[in-house]
Structure formats: C-alpha cells, structure tokens
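Geometric and topological summary
In case you want the letters, here they are:
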There are 2 protein chains.
Amino acid sequence: MKALARTRISAPHKWELASLGRRVPRSLRQARDLSTARRIVATAEDIFAEQGLAGARMDEIARAAKVNKALLYYYFRSKEELHRFVLETLLSQLSARVGEAVTDTPSASKRLSAMVDNFFDFVLAHPNYPRLIQREIMSRGPNMGWIVSEYYRPLHRWLVRLIEEGISAGEFRRVDARNAAVTVVAIMVHYFSAAPVLRQVLGHDPLRPREVAKRRDAVHDFLEHGLFRPRA
Amino acid sequence: MKALARTRISAPHKWELASLGRRVPRSLRQARDLSTARRIVATAEDIFAEQGLAGARMDEIARAAKVNKALLYYYFRSKEELHRFVLETLLSQLSARVGEAVTDTPSASKRLSAMVDNFFDFVLAHPNYPRLIQREIMSRGPNMGWIVSEYYRPLHRWLVRLIEEGISAGEFRRVDARNAAVTVVAIMVHYFSAAPVLRQVLGHDPLRPREVAKRRDAVHDFLEHGLFRPRA
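Notes on the structure follow. (Residues numbered from 1 in each chain as written. Chains lettered and ligands numbered in written order. Predicted model: local features only at pLDDT ≥ 70, side-chain atom pairs only at ≥ 80, totals over all residues. Heavy atoms only, no water.)

Residues that lie three or four places apart on an α-helix share one face, since the helix turns once every 3.6 residues. Residue and element names in this part refer to chain B. With 17 residues, helix H10 (residues 177-193) should reach 24 Å at 1.5 Å per residue; the first-to-last C-alpha distance of 23 Å fits that figure. A bend of about 30° at Ile187 is the largest found in H10. With respect to burial, H10 is a largely interior element, 14 of its 17 residues being buried. Structurally, the start of H10 carries an N-cap: the backbone nitrogen of Arg178 is 3.2 Å from a side-chain oxygen of Asp176. (Helix = DSSP H or I, 4+ residues; strand = E, 2+ residues; numbered from the N terminus. Expected span 1.5 Å × (residues − 1). Bend = angle between axes of the 7 residues up to and from the residue. Buried < 20%, exposed > 50% of the residue type's maximum accessible area, 1.4 Å probe, protein only. Polar contact = N/O pair within 3.5 Å; in protein donor to acceptor, adjacent residues only side chain to side chain.)

On to the pattern of salt bridges, then. Two side chains that carry opposite charge are able to pair once their charged atoms sit near each other. Residue and element names in this part refer to chain A. Tallied over the entire structure, the rule returns 24 salt bridges over all chains. Here Lys69 and Asp59 are joined by a salt bridge, their closest N and O atoms 2.6 Å apart. A residue pair is termed long-range when its members are at least 10 positions apart, and Lys69 in helix H5 (residues 69-75) and Asp59 in helix H4 (residues 58-65) qualify at 10 residues. Overall, the relative accessible area of 39% leaves Lys69 in the partly exposed class. By relative accessible area, which is 27% here, Asp59 ends up partly exposed. One network of salt bridges, with partners in common, ties together Arg208, Arg210, Glu211 and Lys214. (Salt bridge = Lys/Arg side-chain N within 4 Å of Asp/Glu carboxyl O.)

What follows is about the relation of the copies chain A and chain B. Overlaying chain A on chain B yields an RMSD of 0.0 Å, the required transformation being a rotation through 180° with an accompanying axial translation of 0.0 Å. Those values place the two copies in the arrangement expected of a two-fold rotation axis. Residue A:Gly226 of chain A places its C-alpha closer to the rotation axis than any other residue of that unit, at 1.8 Å. The fraction of interface residues of chain A whose copies in chain B are also interface residues reaches 100%, indicating that both copies meet through the same surface. (Least-squares fit on C-alpha atoms with pLDDT ≥ 70 in both. Contact = heavy atoms within 4.5 Å.)

A separate point is the packing of aromatic side chains. Evaluation of the coordinates by the stated rule reveals 21 aromatic pairs over all chains. For the ring pair B:Phe122 and B:Tyr129, a centre distance of 5.3 Å and an interplane angle of 75° mean the geometry is edge-to-face. Judged on exposure class, the residue B:Phe122 and its partner B:Tyr129 are both buried. A network of ring pairs unites the aromatic residues A:Tyr74, A:Tyr75, A:Phe76 and A:Phe85 as a single cluster. (Phe/Tyr/Trp six-rings, centres within 6.5 Å; stacked < 30°, edge-to-face > 60°.)

Our focus in this paragraph is the nonpolar core. Ranked by size, the top nonpolar core spans 158 residues in total, and within it A:Leu82, A:Leu112, B:Leu82 and B:Leu112 carry the most contacts. With residues up to four places along the chain from it excluded, the contact list for A:Leu82 reads A:Ile40, A:Ala44, A:Phe48, A:Met58, A:Ile61, A:Leu72 and A:Phe76. (Core = buried A, V, L, I, M, F, W, Y, C linked by side-chain atoms within 4.5 Å.)

Right, let's get into the environment of A:Arg199. All names here are of chain A. Secondary-structure assignment places Arg199 in helix H11 (residues 195-202). Residue class for Arg199 comes out partly exposed when judged on its relative accessible area of 25%. In terms of polar contacts, Arg199 uses its side chain to reach the side chain of Asp205, at 3.1 Å.

The next subject is the interface of chain A and chain B. Each partner contributes to the interface: chain A provides 42 residues, whereas chain B provides 42 residues. Carbon and sulfur atoms supply 63% of the area buried between chain A and chain B, which totals about 4,100 Å² over both sides. Where chain A meets chain B, there are 2 salt bridges. Here A:Asp221 ties to B:Arg173 by a salt bridge, and the two come within 2.8 Å at their closest N and O atoms. Where chain A touches chain B, the interface holds 10 residue pairs in polar contact (both at pLDDT 80 or more). At the level of elements, helix H8 (129-139), helix H9 (144-168), helix H10 (177-193), H11 and helix H12 (209-226) of chain A are the ones that each hand at least two residues to the side of chain A that touches chain B. Considering every element that reaches the side of chain A that touches chain B, the biggest residue donor is H10(A), with 10 residues. For the side of chain A that touches chain B, the class distribution of residues is 22 nonpolar, 10 polar and 10 charged. (Buried area = accessible area lost by both parts, 1.4 Å probe. Nonpolar A, V, L, I, M, F, W, Y, C, P; charged D, E, K, R; others polar.)

Set out below in structure tokens:
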C-alpha cells in the first residue's frame, strides 16, 4: 500500500451525486456540501484497498478522515454501505472516463485508442481501483452482481460494438469481436492487477509513472498491430 | 467451485518428488508409495481453492481425502505445509509443461506458440491453479517470495529471452521485449483469473472446453498479428 500511495499522482475525488444512480445514501442527497463526505470516501478507499472489507474498521476510518464516528455513521449507516459507495464512486468515474471516448470521432481505431488512454489516466489517478475490485472478485462479495450488470457488462458490450464497427468499416481485421474485447481488457488490466507480483518479478515498481507510460505505449503498439488492419 | 469442478477435464496429479526441489516433507521422501499423498494433495487443492488457506480445515481435508487425521499430519505437519506443497506441485508442473516448448525447435515463433498451447493444456488440467495463485497474491502470503524467485521470474526471463531471439532472427517485430512478455502473459492469464467475472459478463461459462478452445485460437491469432513480423 505504501508503495502504491507513493506513486499516486492525483486523487481527484470528483464524483457527483447525479452520476451515481439509485444507491446514494439519503444523508448525502440532503447534504449542502459534499467536502466532508468526499474526505470520508477518499480515506475509506485507501483503507479498504489495504485491509479489505473484513479487515477495515469504522473507528480507524473516522480517525483517519478526521471526523467523529457519529458523523461518519450519519453519512454511511454501515461499513458495508460505505464500502459499496466507495466502489460506486470509482466505477462511475471509470465509466464516465471511458465513455468520453465514444462520441468524439467516427473512427473506431481512434475511439479505441482514446479509450486506452482514458483507462490509463483513470488507473493512474485511482491506484486503489484494481485492488479493490480484485478483493471483491476473490471474496465473491454481494457487490459483484450490480458491478457487472451496471458497469462491466455495458462496458464489454460497448467494446464489442466498437470492434464490430471497426471491422465493418475495414479499420480492424476480421476477428472474433467478443474475444478481442476480452483481449483488449486483458492487456490493459492485467498489468495493474498483477502489479504486486510484477514488482517482484521485474525488480522495480511497475506503477512508477515512467513505467506506466512505457506500458501504455506497448498496449497501443500491440493493438495497432494485433487488431488494426494494415494500411494498404 | 462446483461450476469449475464440472468443467475439469482431467486432474492428472503427476507430480514427482524429483522435480519438486528442496521443500519436500521428509515423510514423503520416505514413502514407498505416493498414492495416498497424491490423494491428499488433490483433495487439499480443491478445498484451498474454494475456501482459501484461512477458511480450509484439516479435519475436512482428511475426511474428503478418506484418510485419518493422524496420517494426514504424518505426511504434512501443518495446514501451512500442506498448502505450500499444493502450490509447489502445481507450479512445478506448470514450469515443466511450459519448459517442454523450449528445446523442440530453433524457431522462436513456434516455441512461443507451443508455450501458449502448453499453458492452455495446463490450466484445463488444473482449473484450481488461477484461483489458488490469486488468493496468494491478494493475501500477500509468505509464499510469494519463493513463487516469484523459483518460478515466475525464471519464466519471465525465459519469455523475454525468447522474444529477443525472435527479434534478432527477424521473426518478431522490434518490440520492447519486457513489455511484450507481460502482454503475452496477460492475454493468456487474464481470461482464467477473471473467469468468475467473465461468467457473469458473457452470460456463459468461459471455462467450457469449447470456449477455452476459442480463446486459445484468439490468443494465437493476436500474437501472430501483434508480435510476429508479417512474412514478405
């Protein structure tokens, strides 16, 4: 965690209630100022990423966020509710960030490249995200259902459609679009989810900005040659 | 777990003491017949994959393996020792299987393709492997040190060397070999480590033999176009 925290470039907790869907605690809807809630969420994100849902303690979150426990429980009635809200703020930002790549240009290859850049920007800004999600997957927690139905399945379908459009337009090779979508996600995501192992394998911190920049270049290069159709 | 068990094609627990290095319990070295130990290890593998090291209980392993607890503790003095031995048997088989691809041919592209096939064969035969390893990574258990130094780092270096040889021989494009090695691993491994999520995203079992075969084809296709140099 300490290594991750050191490489954090920025943590702009820019979530807005409007983009968070149905599951916003009522206390937040009624708040005039979200700055305290944002501080709680940012602190909780660090602690959940480090210790997991079971290991984290509300006492510690309150202390680290410099709020008293009554106020913490006013905003979030339980540890589970706070944990779920942390995941939701991250996923809504990821989804919005990736979605930015949709509308700019009709070119499928340009939209795919923009999506890769947006994903890298997101993970650099939110280094806790891969660990929080992996913990959730491994624990088969109650959140996987809505994470998949509201975020991952729409993202996967968006990516499959994008690849199909690229094939139709002659920009991409004729690949199995569903498998290609899995491949695109794999070469973006695995590097971050395997970071603790890669650190030991490579002998350096793979989350250093310079290393992440090299990885981003490698992903672009690999997609360009593996997916894009060679120009005549 | 049940879904995984159903898709298991074979579980040839073919580990031999000779290939397991230093950390073999003395009781096993002295055993005339390894069949009971193999049954214990196969059972423990299932239970550790399902419940993790903390959740698994030696009572349950003994009962499921149909041995009494005294015999279980004769072979493996502690749950931790049994868990470590389970990981070691899997990794030694993975390493041997991948290593088979090394010597057959001088062609780097053929060796890389053979390695991909061998990896897929290994994971089909050992569907617990991705989950056991992910649990180990997430828990930052005491085993990651030797797993990396004795297995993952040598495999990574072998792959980097292979890619460098392919570049020198003009078989591969001029890529960043270290990043390309990470990419090769990512497109092979992510599919299996993300299987619980992919099952929900795709709406079918990604570990069905037919789906795994399609995935294998997609990996070959992507490496061929993303890494191999186009033939003139």
